[in-house]
Amino acid sequence: MNTPTQTHVLQLAHPPIPVVRLGFIGLGNRGILTLQRYMQIEGIEIKALCEIREGNLAKAQQILKESKFPEAIGYTGTEGWKRMCDRTDIDLVFICTDWLTHTPMATYAMEHGKHVAIEVPAAMTVEECWKLVDTAEKTRQHCMMLENCCYDPFALTTLNMAQQGVFGEVIHVEGAYIHDLRSIYFADESNGGFHNHWGKNYSINHTGNPYPTHGLGPICQILNIHRGDKMNFLVSLSSRQAGMTAYARKTFGADSSEAKQAYLLGDMNTTLIQTTKGKSIMIQYNVVTPRPYSRLHTICGTEGFAQKYPVPAIALEPDASTPLAGKALEEIMEKYKHPFTARYGEEARRRNLPNEMNYVMDCRLIYCLRNGLPLDMDVYDAAEWSCITELSEQSVLNGSSPVEIPDFTRGSWNINRS
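Right, let's walk through the structure included here. (Residues numbered from 1 in each chain as written. Predicted model: local features only at pLDDT ≥ 70, side-chain atom pairs only at ≥ 80, totals over all residues. Heavy atoms only, no water.)

As for the state of the cysteines
Among covalent bonds in proteins, the disulfide is the one between the sulfur atoms of two cysteines.
(1) Moving on: Tallied over the full model, the rule gives 0 disulfides.
(2) Moving on: For the unlinked cysteine Cys 143, the closest cysteine sulfur is that of Cys 129, found at 10.0 Å.
(3) Moving on: Cys 143 sits in the buried class, given a relative accessible area of 3%.
(4) Moving on: No disulfide involves Cys 150; its sulfur sits 7.3 Å from the nearest other cysteine sulfur, which is in Cys 149. (Disulfide = S-S within 2.5 Å. Buried < 20%, exposed > 50% of the residue type's maximum accessible area, 1.4 Å probe, protein only.)

As for the sheet that holds strand β1 (residues 20-25)
(1) Moving on: The strand order across the open sheet built from 6 strands is β3-β2-β1-β4-β5-β6, with neighbouring strands paired in parallel fashion. Each edge of the sheet is formed by a strand with only one pairing partner; in this case those strands are β3 (73-75) and β6 (143-145). Strand after strand, the sheet turns through a mean of 20 degrees between neighbouring axes, direction not considered.
(2) Moving on: Seen against the sheet, helix α1 (residues 29-38) touches β1, β2 (44-50) and β4 (92-95) and runs at an angle of roughly 165 degrees to β1.
(3) Moving on: Against the sheet, helix α4 (residues 102-111) makes contact with β1, β4, β5 (115-118) and β6, and its axis sits at roughly 165 degrees relative to β5, the strand it touches most. (Pairing = 2+ DSSP bridges. Helix = DSSP H or I, 4+ residues; strand = E, 2+ residues; numbered from the N terminus. Axes fitted to C-alpha atoms, helices over the stretch in contact; angles between N-to-C directions. Contact = heavy atoms within 4.5 Å.)

Let's talk about the packing of aromatic side chains
(1) Moving on: For the coordinates displayed, the defined rule picks out 17 aromatic pairs.
(2) Moving on: Arranged with centres 5.6 Å apart and planes meeting at 90 degrees, the rings of Tyr 185 and Phe 194 form a pair that is edge-to-face.
(3) Moving on: In this structure Tyr 185 comes out as buried when scored by relative accessible area, which is 3%.
(4) Moving on: You can call Phe 194 partly exposed: its relative accessible area is 23%.
(5) Moving on: Ring pairs connect the aromatic residues Trp 99, Tyr 177, Tyr 185, Phe 194, Trp 198, Tyr 202, Tyr 211, Tyr 285, Tyr 293 and Tyr 309, which therefore count as one cluster. (Phe/Tyr/Trp six-rings, centres within 6.5 Å; stacked < 30°, edge-to-face > 60°.)

Focus on the pairing of strand β9 (residues 269-275)
(1) Moving on: Residues of β9 alternate between two faces, with Asn 269, Thr 271, Ile 273 and Thr 275 buried on one and Thr 270, Leu 272 and Gln 274 left unburied on the opposite face.
(2) Moving on: Examined bridge by bridge, strand β8 (residues 231-238) and β9 share 7 bridges and lie antiparallel to one another. Across the sheet, residue Met 231 finds its bridge partner in β9, namely Thr 275.
(3) Moving on: Relative to strand β10 (residues 280-286), β9 runs antiparallel, the two being bridged by 6 bridges. Across the sheet, Thr 271 pairs through a bridge with Ile 283, a residue of β10.
(4) Moving on: What sits between the antiparallel neighbours β9 and β10 is a turn of 4 residues, in which Gly 278 has the positive phi angle 80 degrees.

This is the structure in structure tokens:
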């Protein structure tokens, strides 16, 4: 999958970029929000915008104008993104398009000398994951998946606690993406739905867990995946599909085409993973039943426990049977507040910016590039967390049989210990 001359890009760093010049591909719902976020970040220039729908491109240009930003060079058409990546005055390309286009756009951008930041998931197949790794190693360009949940303040606090040994040895972790998206799946793009209903269409043809990274990313960091441990294999089980059909019948009628549509994707997927060091991981996915939002974020160690949902809970020895509450919980959260939260998170709250974890992620990415530092998340994170999409589907379709997880570092997973 790579040439003998390629070497890993663990802890990859580039010379500092004093002003990071940005280009954005995809200006739908997520892309517009990303553009608006980066207008809050110092040390950047927005050089180019690319969008296949000219109305969205015009909307983005208007947002720049209203915020007194210079007009960016605009690209449209099916090949517009390539022309944008061919430019020589862009340092970092953001890819905010649908899932199926992430990898080809990212590899092309890296091959043309650009660092890339990709919305989640970075890839949809194991082959695509290897393409990202191979291209990053060949070009020596940064490839970061924009997994904002890794910058959630509770996730960062528990990461800090784990790194300081507060939980003892962490032996089991859990993550999830449980989010009622039924109305979005059936909505037109103008009403908040996906462009050409690509989310719903994917559910028709695929099963397993198509969106593992929100739950998996933060807990992989806690387990030091490819920084001292690695994921070995998984087994995956899905329930049958009923939620989308029930919603369609209630919303559109029993005789509607929406109600008669069959979906391969089950309502609830549960995937179990074991690591080389014998740690266990559980990841769940459910977006089609009326269940409260949850990413679980559960940490079980020999000296303590933490879980974010349904309410934040931390329990520590010597009285781990009683979770901390009230002032005691506030004090432990303050004591182990992560430096990223203390600096960027509090700044976001002072400025009343939406979605603190996005702002922390954005600030950290630009800070690292401007100071010539390795990024918090690398191409191996993008590949490891994204490959669960195809591998969980393989397991489900084969009676929940075990499936091996590739070592995308090719044996270098134990070089850098966090």
